[in-house]
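Letter by letter, the chains look like this.
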Amino acid sequence: MNSNKKFLIASGGTGGHIFPAIVYGRELEKNGSKVEWLCGSRELEKEIYNSAGINPFRLAISGSPLGTRSISKIFSRSFALIKSFFQAKKFIESFKPDEIFLFGGYVSFAPLLIAKLKKIPVTLHEQNAVAGKVTRFASKFNLAKIITGWPSCEGINNFSYVGIPVREPVRIKREEALKILGLEIKADSKIIGIAGGSLGSGPLNEILLKTAGLCKDKNFEFVFLSHERKNLENAHFIPPQWDMNPFYSICDVIVCRAGGSTLAEILKWKIPAISIPWPGAADNHQVKNAQEFIKLSKNSRIFYENDTPENLLKKLIDIIN
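Predicted, not measured: the structure shown is a model, and the values here were computed from it.

Caption draft 1: Inspection of the sheet that holds strand β6 (residues 145–148) at higher detail. On the basis of which strands lie adjacent, the open sheet formed by 7 strands has the order β3-β2-β1-β4-β5-β6-β7 and parallel pairing. Edge strands, defined here as strands with exactly one partner in the open sheet, are β3 (57–58) and β7 (160–161). Where strand β4 (residues 99–102) meets strand β5 (residues 122–126), 3 bridges bridge the pair, whose relative direction is parallel. Its bridge partner being in β5, L102 is matched across the sheet by L124. Against the sheet, helix α1 (residues 15–30) contacts β1 (6–10), β2 (34–39) and β4, and its axis sits at roughly 160° relative to β2.

Caption draft 2: Structural context of the packing of aromatic side chains. By the definition in use, this model includes 13 aromatic pairs. An angle of 40° between the planes, with centres 5.8 Å apart, marks the rings of F7 and F101 as tilted. With F7 in strand β1 and F101 in strand β4, the pair connects residues that are 94 residues apart, well separated along the chain. Summarising the burial analysis for this pair, F7 and F101 share the class buried. Summarising the aromatic geometry, the rings of Y24 and F103 are spaced 6.4 Å apart at their centres and angled 50° between planes, so their arrangement reads as tilted. Taken together, the residues Y24 in helix α1 and F103 in the loop between β4 and α4 (109–117) connect sequence positions 79 residues apart. The exposure class assigned to Y24 is partly exposed, which follows from its relative accessible area of 25%.

Caption draft 3: Summary view of the state of the cysteines. Evaluation of the coordinates by the stated rule reveals 0 disulfides. C215 carries a free sulfur, and the closest cysteine sulfur to it, the one in C251, is 15 Å from it. Its relative accessible area of 0% is what places C215 among the buried residues.

Caption draft 4: Representation of the pairing of β1 within the structure. With respect to burial, β1 is a largely interior element, 4 of its 5 residues being buried. As defined by bridge partners, β1 adjoins β2 across 5 bridges and the pair is classed as parallel. In the sheet register, A10 faces β2, and the bridge partner there is L38. The handedness of the β1 to β2 crossover, carried by α1, is right-handed. Bridge count for β1 against β4 is 4 bridges, and the pairing is parallel. Its bridge partner being in β4, A10 is matched across the sheet by L102.

Analysis parameters
Sequence order as written defines residue numbering, which begins from 1 separately in each chain. Residue-level local features of this predicted model are given only where pLDDT is at least 70; pairs of side-chain atoms are given and counted only at 80 or more, and the full residue set underlies all totals for whole chains, interfaces and linings. In computing side-chain values, all of the structure's heavy atoms are included and hydrogens and water are not. DSSP calls a pair of strands paired once it identifies at least 2 bridges connecting them. A run of H or I in DSSP becomes a helix once it reaches four residues, and a run of E becomes a strand once it reaches two; helices and strands are each numbered from the N terminus. Contacts: residue pairs with any heavy atoms within 4.5 Å of one another. Orientation is described by axes fitted as lines to C-alpha atoms, over the contacting stretch for helices, and by angles from 0 to 180 degrees between their N-to-C directions. Stacked, tilted and edge-to-face are the three classes applied to pairs of Phe, Tyr and Trp rings, where Trp contributes its six-membered ring and a pair requires centres within 6.5 Å; stacked means planes under 30 degrees apart, edge-to-face means over 60, and tilted covers the rest. Only protein chains enter the accessibility calculation, which uses a 1.4 Å probe; a residue whose area is less than 20% of its type maximum is buried, one above 50% is exposed, and one in between is partly exposed. Cysteine sulfurs are considered disulfide-paired once they come within 2.5 Å of each other. Look down the strands so they point away from you; if going from the first strand over the helix to the second traces a clockwise path, that crossover is right-handed.

Dropping the structure here:
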């Protein structure tokens, strides 16, 4: 790799887009490349980047005009999109990157167009098994080289499958990991970790709390990554973690949403999982992610929100046994 090259990485929205971008960008930096970062205006984006010691250039936009039905939001986001185009143009002209990497989402649109206008090579990474709107647009008009996180990707034809960049696992002894997380759980318990993603998930927690209530006589302990607090003997709540190593190190099974990056991390850790696709995901992409995931993950399952806690418990017991 040419250590003198300069790369711009654009990624925003949620951790599912940002964490793979950070992992890839850090690898570029290890090889001596200069990397600058571009994101949207959401506070969550800033928080995620700052947790990795990165101060990105922030565009004025906080969401896609196509991602809402509110007339006022459509107008405000459209105005912000136009503004972000000129912000990104000025930033790119100042930095003069040799190549641009986009990790999907609304933040990618402006730098995608600018890269085409300025004839800068651009690669777009799609983390989901159903292509997002920007990815489809780029594919239709041949604006970028497209690489994907899963072997199949609905909505586009020309792409290369490369997987999703994820943080390298650092395994910690269970006793030490429990101590780091502040959990008083017997080390020989069967621990089910519940991860709702960087935005959290109230409905997911509700399903799992009902499931936990069904198995108090078993040696199961449920650990929730959540700002919520409930009082159940076998349910424990800890704040969302930027360093996931202690959490993953304690889990016998993980129950999670079916975001592409979350599933890729779990694959890397080789932890059996039950993925519960978020019904509100655009183009139902989390269902497709989950289907791709269980093809690659041994002893994992899919569960749907309209099913019962009793059936979820059966799946958990089946996996643990």
